[in-house]
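# Fold and contact review
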Amino acid sequence: MGRLTGQRAIVTGGANGIGRAIATAFAREGCDVFFTALSDETAAQRTLGELRGHGVRADYLLLDGADPGGVPRLMDAVAESLGLADVLVNNAATTTRTAFLDLTSEEYERVMTVNLRFPFFTTQAVAARLRAAGKPGSVINVSSISATKAVSAMAHYQCSKAGLSMLTRSAAYELAPFGIRVNTISPGLTATNANAAQWRDDPDLWRERGKDIPLGRPGRPEDLAGAAVFLASAESVWMTGSDMVVDGGEAAV
């Protein structure tokens, strides 16, 4: 415990699912946390209470990653609440399930904006502040094995995650001279709010999907938290531009 004591992190999409698991793990390790939530005030307040229960500073902002002014708003809120953040977790994401030939430009634009444009410019903003302060930092992009593994009715989502994975490599290369590391976590099939209709309402289908995963089950949000703590900590100090696949072996088959 205490591997992140003294650090300050931003976790986008931190009120539920993978983001909440990462934010909670950070707080447990002594890290102050500022998170964003789309619109669920109840979930945000619940997560806030849990984080503060670990004795760290915590706050949040209701924010849509598609908001054109969202990045400056986020940076101002973080600066006022915590000061300079040295860890950024780009977790917020959205998708729809639509066949390629039926995909609308509105669906495409929203997914690409939230999943790629928002983390791109949030990374830029955080890195610029760290460089100006002469401080090192860690950026963690939550991508997906869908960045390299095609499935039906998810072309826009898969393109956005492939772009996010390349953002990791590009930013890692350019930011390395400033001591700012950028890495990716790529989850496999994981139970989140986005697929709750499957794992909550159709558990038989969920179990069936899990049969193709070598470790025998889909993931839980908590399964991703350890990788995020590692990438935020000094334990990964010589690691940048890398992709940690956390998927129960799904991408191996």
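Presented here is a report on the structure given in the accompanying data block. As the structure is a computational prediction, the values presented were derived from the model and not from experiment. (Residues numbered from 1 in each chain as written. Predicted model: local features only at pLDDT ≥ 70, side-chain atom pairs only at ≥ 80, totals over all residues. Heavy atoms only, no water.)

## Here we look at the overall build of the protein
Worth spelling out the cut-off: Helix numbering and strand numbering both begin at the N terminus, where a helix is a DSSP run of H or I of at least 4 residues and a strand a DSSP run of E of at least 2. Radius of gyration here is computed from C-alpha atoms only, and the compact-globule reference equals 2.2 Å multiplied by the residue count raised to the power 0.38. Burial here depends on accessible area, computed with a 1.4 Å probe over protein chains only, as a share of the maximum for the residue type. Under 20% is buried, over 50% is exposed, and the range in between is partly exposed. Exposure was quantified through the Shrake-Rupley algorithm and a 1.4 Å probe, taking into account, for residues, occlusion by the shown protein chains and nothing else.
The helix and strand tally for the protein stands at eight helices and seven strands. Here the protein has a C-alpha radius of gyration of 17 Å; the compact-globule value for 253 residues is 18 Å, and the two agree. If one aligns the C-alpha atoms of the protein with their principal axes, the spans along those axes are about 50 × 35 × 35 Å. Residues classed as buried in the protein amount to 49% of the 253 residues present. Carbon and sulfur atoms form 55% of the exposed surface of the protein, whose accessible area is close to 12,000 Å².

## Things to note about the layout of surface pockets
Threshold: Here the term cavity refers to a set of points on a 1 Å grid, laid over the protein atoms alone, in which a 1.4 Å probe fits but cannot get out; the term pocket refers to an open set having protein on both sides within 12 Å along at least five of seven lines, with lining residues being those that place an atom within 4 Å of a point. Grid points are joined across faces, edges and corners, and a volume is the space filled by probe spheres set on the points. Amino acid classes used here: Ala, Val, Leu, Ile, Met, Phe, Trp, Tyr, Cys and Pro are nonpolar; Asp, Glu, Lys and Arg are charged; the rest, including Gly, are polar.
Empty space within the largest pocket amounts to approximately 1,300 Å³. Taken together, 48 residues line the largest pocket, and the ones lying closest to its centre are Ala93, Thr95, Tyr157, Thr192 and Ala194. Elements with a contribution of two residues or more to the lining of the largest pocket: α1 (17–28), β2 (32–37), α4 (105–133), α5 (155–175) and α6 (196–199). Partitioned by chemical class, the residues of the lining of the largest pocket number 18 nonpolar, 22 polar and eight charged. Taken together, Phe120, Thr123, Gln124, Ala127, Ala128, Arg131, Leu167, Ser170, Ala171, Glu174, Leu175 and Phe178 make up the full set of residues lining the second largest pocket. Top element by residues in the lining of the second largest pocket is α4. It accounts for six residues.

## So, the pattern of salt bridges
Inclusion rule: Here, a salt bridge means any Lys or Arg side-chain nitrogen found within 4 Å of an Asp or Glu carboxyl oxygen.
For the coordinates displayed, the defined rule picks out eight salt bridges. A salt bridge links Arg110 to Asp64; the nearest nitrogen and oxygen atoms lie 3.2 Å apart. Residue Arg110 is located in helix α4, and its partner Asp64 is located in the loop between β3 (58–62) and α3 (70–81); the two are separated by 46 residues in the primary sequence. In this structure Arg110 comes out as partly exposed when scored by relative accessible area, which is 32%. One network of salt bridges, with partners in common, ties together Arg3, Glu29 and Glu235.

## Focus: α1
Residues three or four positions apart in an α-helix share a direction because the helix packs 3.6 residues into each turn. Rules: Helices are assigned an expected span. That span is 1.5 Å times one less than the residue count.
Between the first and last C-alpha of α1 there are 17 Å, a value that for twelve residues agrees with the 16 Å anticipated at 1.5 Å per step. Within α1, the full set of buried residues consists of Ile18, Gly19, Ala21, Ile22, Ala23, Thr24, Ala25, Phe26 and Ala27. Gly30, located one to two residues past α1, shows a positive phi value of around 95 degrees.

## Quick word on the nonpolar core
Convention followed: To qualify as a nonpolar core, a set must consist of buried Ala, Val, Leu, Ile, Met, Phe, Trp, Tyr and Cys residues joined through side-chain atoms within 4.5 Å. Between two residues, a contact is recorded if the distance between any of their heavy atoms is within 4.5 Å.
The biggest cluster of nonpolar side chains holds 33 residues, and the ones touching the most others in it are Phe26, Phe35 and Val89. Elements with a contribution of two residues or more to this core: β1 (8–11), α1, β2, α2 (41–52), β3, β4 (87–90), β5 (137–142) and α8 (222–232). Examining the composition of this core, we find that seven residues originate from one element, α8, more than from any other. Leave out the neighbours within four places in its chain, and Val89 touches Ile10, Val11, Thr12, Ile22, Phe26, Ile140 and Val142. In this structure, Leu63, Ala85, Val139 and Ala172 belong to the second largest nonpolar core, which totals 27 residues.

## Some points on the packing of α4 against α5
Convention followed: Structural elements are reduced to axes, namely lines fitted to C-alpha atoms, with helices fitted over the stretch in contact, and the angle between N-to-C directions of any two is expressed from 0 to 180 degrees. Comment on the angle field: the value is read as roughly parallel under 35 degrees, roughly antiparallel over 145, roughly perpendicular from 65 to 115, and oblique elsewhere. Helix crossings fall into two classes, left-handed where the near helix is turned counterclockwise from the far one by less than a right angle and right-handed where it is turned clockwise.
Contact geometry for α4 and α5: axes closest at 9 Å, N-to-C directions at 15 degrees. Considering the angle they form, α4 stands roughly parallel to α5. Like other packed secondary-structure pairs, α4 and α5 cross with a definite hand, here right-handed. Listed contacts from α5 to Glu107, Tyr108, Val111, Met112, Asn115, Leu116, Pro119, Phe120 and Ala127 of α4 are His156, Tyr157, Cys159, Ser160, Gly163, Leu164, Leu167 and Leu175. Of the residues that constitute the contact of α4 with α5, the class distribution is twelve nonpolar, four polar and one charged.

## Notes on the pairing of β5
In summary, the side chains of a regular strand alternate between the two faces of the sheet. The following threshold applies: Pairs of strands are assigned from DSSP output, requiring at least two bridges between the strands. Crossovers are described as right-handed under a simple rule: with the strands pointing away from the observer, the path leading from the first strand over the helix to the second runs clockwise.
Of all six residues in β5, six are buried; the element is thus mostly enclosed. Going residue by residue along β5, you find Gly137, Val139 and Asn141 tucked away on one face and Ser138, Ile140 and Val142 tucked away on the opposite face as well. Across four bridges, the pairing between β4 and β5 is parallel. Among the inter-strand pairings, Val89 is bridged to a residue of β5, identified as Ile140. For the segment spanning β4, α4 and β5, crossover handedness is right-handed. Summarising the sheet, β5 and strand β6 (residues 180–187) pair through six bridges and their orientation is parallel. By the bridge assignment, Val142 is partnered in β6 with Ile185. Crossover β5 to β6 through α5 is right-handed.

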